[in-house]
Amino acid sequence: MPVRQWDPASKAKVVLEGLQGKPETAICKRHRIKPAEYRRWRKQFLAQIARSYQSPSRQSTDTSAVVPGPPRGEDESSKALRVAHEMIEVLPIPVYFKARDGKHLGANKAWEAYFGVERESFIGKTVQELFSHTPEVAAKHQAADEDLWRSPGTRSYELQVPVHDGSIRHTLNYKATFAGADGKVAGLIGTIIDITERKRAEQRQAIEHRVTRLLSECETVAAAMPGVLAAFCESLGWACGTRWSMDSKAAGFRCEEAWSIDDSEIAAFLAASRESTYQPGQAGLVRRVLGTGQPVWIVDIAAEESFLRGKQAAKAGLRSAFALPIRLGEQVLGALEFFHRDERLPDEWLLNTGVAIGSQVGHFMARKQAEGELRRSEARFRSLTALSSDWYWEQDEQFRLTFMSSRFVERTGIDPAPYLGRKRWDRPALNLTESDWERHRAQLERHEPFFDFEMERASPDADSVWLSVSGEPVFDEDLRFRGYRGVGTDITERKRAQGVLRAAYDELARSNAELQQFAYVASHDLQEPLRMIGSYTQLLERRYGDKLDRDAHEFMDFIVDGATRMKQLIEDLLAYSRVGTRGKELRPVQAQAILERVLINLRGAVEQSGAAITYGPLPEVSADDTQLAQLLQNLIANAIKFRKKDEAPRIHVGAEDAGDEWRFAVADNGIGIEPQYFDRIFMVFQRLHTQDEYPGTGIGLAICRKVVERHRGRIWVESAYGKGSTFRFTLPKIQKGET
Ligand code: ADP
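## Quick notes on the overall build of the chain
1) Next: Secondary structure summary: the chain contains 22 helices and 23 strands in total.
2) Next: The dimensions of the chain, computed from C-alpha atoms along their principal axes, are 190 × 70 × 45 Å.
3) Next: Looking at the 739 residues of the chain, the share that counts as buried comes to 43%.
4) Next: With the model as given, the accessible surface of the chain reaches about 40,500 Å², and the carbon-plus-sulfur share is 52%.

Structure follows, in structure tokens:
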């Protein structure tokens, strides 16, 4: 690689890079030169430049006096000097020179523009005069200079300084001493690099980080705000800040929280601020912000008459103020307000920083509000579910149990810990198979609600516990699935009771079947010996009738009578047992047609008794036609049989619509029944009269009840003793689709 030729202009450029704050190592690396060489160039450059400022020629009337012209006659060194001068003059950063006594020797154009000071008139003046309104800034520069005089070389430091428009800028000041002809320190060259933008970006980032952390750590806006206000004020040098909130009920706004530097006057001002409620308007500070939704800046509080708290603020030593809305989208939730002790001109960056914080606070407020509402609705949900169930649970989107209300352990005695963080099917249930779980899981994956999912879980202090859980899927406002929530109930008792009930039912069904079998077998098998009694009695009569005396004949009549009655009883019992065993399938049948058939069967009895039988329209019902005929026949026959001695029977058969069922009635004007027998008469062989009064076996109504119950209906009697009875029974209506 060819060695680069360093002409004076290039050398000057390299040195100027250093004067603009670039680190020495970076410069050397970039230009591939040794640090020693760089320092030599800088020394030469500064010596040349400085000497020209000190030369008597600069006292001339030449307009370029502040940046002296090159000496006459262009030799190598004077050419370098000219280049250096030109470069400094056009450099976009302020450059200035000072003599050992602190007096300004000159400066470039950028310096002139930066401070708004005419450079020519400033020659011979000091830094105290440049910063006459901010002596603390002058003092800092002065101290840096003193340090340089004591140990010459280079220095850099940051400082905030006021500039031409009164605004405060962050500067990086770079200074290097130069030597005079005698080799002693003769003065310094200074450059100013404006690092305001970088500083502001850093500051804003720092403030926003601090605010973000505060908001994430605090539960409420009230807890977070003092820290948030402090983050802004402390970082930017403002004296105090407050948050104002709209109070919807009072339709005004109030100061909610405040932060200030340690100052009793300011504290008193803030305390006073918090006492009143204000109305939004077109004047003042916060009033105007909340009235217009726009930020407001007051440079001098004392001069702003519409600012109601202005006098108090001025008394507390506050000078400038600004306020901005706390927004959430278009909605204004409140305002932030800040005060400074010095005069501060409207600063867009500062306002933007405030607005950014305002929006962070706005989001926080909205989130807290939403969380509060969610909590309230959750609490409502939980307390409601507590009424209808034992406990409440939640599952995440992976179906892992994330919450179990305390009543779970209270009710079941099961520790929920092993279940939390796990899926329902991660722990065994005694009643469920792999495929049961698979079905349940598939249902959850479809995000469907589920009801009464029953699980038998092992329990430490009982054999097992039966749980029934129901759940519904939960979706967030973006309709994303977030899990399930639901309730659970301990159904162990119910399950045990169900078990006992089932056992009792099974037992009943078994004994019923046995009884049926017994009744059938008994009645069937008893007929044979009975027939034998009957036929041998007749044989006895035929063969030995003439040999027997009257008494024997009477006894034989008793035997035949008993046998006949027993035959009737057995036949009735057989008929009764057949209601259950020989029943036909239920089909839609016309009750009226059946009744008419029954009346034909009963024609003899009707004629003999002179009964008048009427009937209303009867519906179509689902029934076993033979059994329905038997039912109607028994009831009508009874109505004829149990008639009054002196009155012909009047009987009416009707049916009425009773919702899901038909209610039939067979009403008579007979002897009636006393209420204490209303139930008894439906039992097998229960009768209220002797054979002589009214013949019968007492099985007719038992058969009626059995028939009605087989048809899923009920039967009962209503009666006024001596006036008549009405037997009612119900039959279910025909279901749709039943033909
Ligand atoms: P039975 O007619 O063979 O006596 P039921 O079972 O048919 O047997 O009737 C039982 C009893 O109920 C009858 O003995 C009678 O006392 C009473 N009973 C039944 N129907 C009527 C009725 N329509 N009026 C008055 N009493 C009745």
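## Describing the nonpolar core
1) Next: With 44 residues, the main nonpolar core has Val621, Leu628, Leu631, Ile636 and Phe729 as its most contacted residues.
2) Next: Per element, the largest residue contribution to this core is eight residues, and it comes from helix α21 (residues 625-641).
3) Next: Setting aside its immediate chain neighbours within four residues, Leu628 contacts Val589, Ala591, Ile594, Val621, Ala623, Phe729 and Leu731.
4) Next: In terms of nonpolar packing, the next biggest core, distinct from the first, is built from 33 residues, Leu81, Leu105, Ala186 and Ile189 among them.

## What about the packing of aromatic side chains?
1) Next: On inspection of all chains with the given rule, the structure shows 29 aromatic pairs.
2) Next: Plain terms: the ring middles of Trp238 and Phe322 are 5.0 Å apart, the flat faces sit at 80° to each other, and that makes the pair edge-to-face. You can see Trp238 sitting in the loop between α10 (221-236) and β6 (240-247) and its partner Phe322 sitting in strand β10 (residues 320-328), a full 84 residues away along the chain. Taken as a pair, Trp238 and Phe322 share a single burial class, namely buried.

## Things to note about the site of the ligand
1) Next: Neighbouring residues of the ligand: 21 residues in total, closest Asn638, Asp668, Arg687, Gly698 and Leu701.
2) Next: Between an oxygen atom of the ligand and a main-chain N or O atom of Gly700, the distance comes to 3.3 Å.
3) Next: In the environment of the ligand, an oxygen atom lies 2.8 Å from a nitrogen or oxygen atom belonging to the backbone of Leu701.
4) Next: At the level of elements, α21, α22 (700-710) and β23 (724-732) are the ones that each hand at least two residues to the shell around the ligand.

## A short note on the side chain of Ser609
1) Next: Position of Ser609 among the secondary structure elements: in helix α20 (residues 603-609).
2) Next: For Ser609, a relative accessible area of 12% puts it in the buried group.
3) Next: For Ser609, the side chain forms a polar contact with the main-chain oxygen of Ala605, separated by 2.9 Å.
4) Next: Within polar-contact distance, the side chain of Ser609 engages the backbone oxygen of Val606 at 3.2 Å.
5) Next: The residues touching Ser609, leaving out its near neighbours within four places in the chain, are Ile640, Arg643, Ala648 and Pro649.

## Focus: the sheet that holds strand β9 (residues 296-298)
1) Next: Taken together, six strands build an open sheet; the order of strands is β8-β7-β6-β11-β10-β9 and the sheet is antiparallel. A strand with exactly one partner marks an edge of an open sheet, and here the two such strands are β8 (277-278) and β9.
2) Next: As paired elements, β10 and strand β11 (residues 331-340) share nine bridges and run antiparallel to each other. Residue pairing in the sheet places Ala321 in a bridge with Phe339 of β11.
3) Next: The sheet strands contacting α10 are β6, β7 (252-260), β10 and β11, and the helix crosses β7 at an angle near 60°.
4) Next: Against the sheet, helix α11 (residues 264-273) makes contact with β6, β7, β8 and β11, and its axis sits at roughly 160° relative to β7, the strand it touches most.

## A short note on a negative patch on the surface
1) Next: A cluster of acidic side chains, namely Glu541, Asp549, Asp551, Glu554, Asp557 and Asp561, defines a negative patch on the protein surface.
2) Next: At four residues, the largest contribution of residues to the negative patch is made by helix α18 (residues 550-581).
3) Next: Turning to its location among the elements, Asp549 is positioned in the loop between α17 (492-544) and α18.

## Examining the pattern of salt bridges
1) Next: Considering all chains together, one arrives at 45 salt bridges under this definition.
2) Next: Residue Arg288 is joined to Glu304 by a salt bridge in which the shortest nitrogen-to-oxygen separation is 3.4 Å. With Arg288 in helix α12 (residues 286-292) and Glu304 in the loop between β9 and α13 (310-315), this residue pair connects regions lying 16 residues apart in the sequence.
3) Next: Look at Arg288 and you get partly exposed, because its relative accessible area is 22%.
4) Next: With relative accessibility at 24%, the residue Glu304 sits in the partly exposed group.
5) Next: Note that Lys567 and Glu571 form a salt bridge whose closest N and O atoms lie 3.2 Å from each other. Remark: Glu571 and Lys567 occur in helix α18; sequence separation between them is four residues, near one turn of the helix.

## So, the sheet that holds strand β14 (residues 450-458)
1) Next: A sheet is described by the order of its strands in space; here five strands give the open sequence β13-β12-β16-β15-β14, paired in antiparallel fashion. Each having just a single partner strand, β13 (401-404) and β14 make up the two edges of the open sheet. Each adjacent strand pair in this sheet contributes to an overall mean axis angle of 30°, direction not counted.
2) Next: Pairing of strand β15 (residues 464-475) with strand β16 (residues 481-490) involves nine bridges; the strand directions are antiparallel. When the sheet's bridge partners are listed, Leu467 is paired in β16 with Asp490.
3) Next: On the sheet, helix α16 (residues 434-445) packs against β12 (391-395), β14 and β16 and is oriented at approximately 140° with respect to β14.
4) Next: Sitting on the sheet, α17 touches β14, β15 and β16, and the angle it makes with β15 is about 125°.

## Re the environment of Leu574
1) Next: Take Leu574: it is sitting in helix α18.
2) Next: Overall, the relative accessible area of 6% leaves Leu574 in the buried class.
3) Next: Distance in space between the C-alpha atoms of Leu574 and Ala356 is 97 Å, their sequence separation being 218 residues.
4) Next: Leu574 has contacts with Tyr520, Ser523, His524 and Gln527, leaving out every residue within four places of it along the chain.

## Describing α22
1) Next: Looking only at α22, the buried set comprises Leu701, Ala702, Ile703, Cys704, Lys706, Val707 and Val708.
2) Next: The inward-facing, buried residues of α22 abut α17, α18, α21, β22 (715-720) and β23.
3) Next: Following α22 by one or two positions, Arg712 adopts a phi angle in the positive range, close to 60°.

## With respect to the pairing of β16
1) Next: By the criterion of burial, β16 is predominantly enclosed, with eight of the ten residues buried.
2) Next: By the bridge criterion, five bridges tie β12 to β16 in an arrangement that is antiparallel. Among the inter-strand pairings, Trp391 is bridged to a residue of β16, identified as Gly488.

## Describing the confidence of the model for the chain
1) Next: In the predicted model, the chain carries a mean pLDDT of 86, and 93% of its residues have values of at least 70.
2) Next: Per-residue pLDDT stays below 50 along residues 56-66; that stretch engages in 14 contacts with residues further than four places along the chain or on separate chains.

## A word on the packing of α17 against α18
1) Next: Look at α17 against α18: their axes get within 9 Å of each other, and the N-to-C directions meet at 155°. With respect to α18, the element α17 is oriented roughly antiparallel. As α17 runs across α18, the sense of the crossing is left-handed.
2) Next: A class-by-class count of the residues in the contact of α17 with α18 yields 14 nonpolar, nine polar and four charged.

## Quick word on the packing of α18 against α22
The packing of two helices is summarised by the inter-axis angle and the distance between the axes.
1) Next: At a closest axis distance of 9 Å, the pairing of α18 and α22 adopts a crossing angle of 5°. Taken together, α18 and α22 sit at an angle that is classed as roughly parallel. Residues Asp572, Ala575, Tyr576, Ser577, Val579 and Gly580 of α18 touch α22, and the partners they reach there are Ala702, Ile703, Lys706, Val707 and Arg710.

## Topic: the pairing of strand β1 (residues 95-99)
1) Next: For β1, the buried fraction is high: five of the five residues fall into the buried class.
2) Next: Direction of pairing for β1 relative to strand β5 (residues 185-194): antiparallel, over a ladder of five bridges. Across the sheet, the residue bridging to Val95 is Thr191, located in β5.
3) Next: Where β1 and strand β2 (residues 104-107) come together, three bridges link them in antiparallel fashion. Paired with Tyr96 across the two strands is Ala107, which belongs to β2.
4) Next: As consecutive antiparallel partners, β1 and β2 are separated by four residues, and within that stretch Gly102 has a phi angle of approximately 90°, a positive value.

Cut-offs used in this document
Residues numbered from 1 in each chain as written. Predicted model: local features only at pLDDT ≥ 70, side-chain atom pairs only at ≥ 80, totals over all residues. Heavy atoms only, no water. Helix = DSSP H or I, 4+ residues; strand = E, 2+ residues; numbered from the N terminus. Buried < 20%, exposed > 50% of the residue type's maximum accessible area, 1.4 Å probe, protein only. Areas by Shrake-Rupley, 256 points an atom, 1.4 Å probe, with all protein chains shown as cover. Core = buried A, V, L, I, M, F, W, Y, C linked by side-chain atoms within 4.5 Å. Contact = heavy atoms within 4.5 Å. Phe/Tyr/Trp six-rings, centres within 6.5 Å; stacked < 30°, edge-to-face > 60°. Near = heavy atom within 4 Å. Polar contact = N/O pair within 3.5 Å; in protein donor to acceptor, adjacent residues only side chain to side chain. Pairing = 2+ DSSP bridges. Axes fitted to C-alpha atoms, helices over the stretch in contact; angles between N-to-C directions. Patch = residues over 30% accessible without salt bridge, like charges linked within 9 Å, V, L, I, M, F, W, Y side chains within 5 Å. Salt bridge = Lys/Arg side-chain N within 4 Å of Asp/Glu carboxyl O. Lys, Arg positive; Asp, Glu negative; His and termini not counted. Charge placed at Lys NZ, Arg CZ, Asp CG, Glu CD. pLDDT = per-residue confidence, 0-100. Parallel < 35°, antiparallel > 145°, perpendicular 65-115°, else oblique. Left-handed = near helix turned anticlockwise from the far one by under 90°. Nonpolar A, V, L, I, M, F, W, Y, C, P; charged D, E, K, R; others polar.

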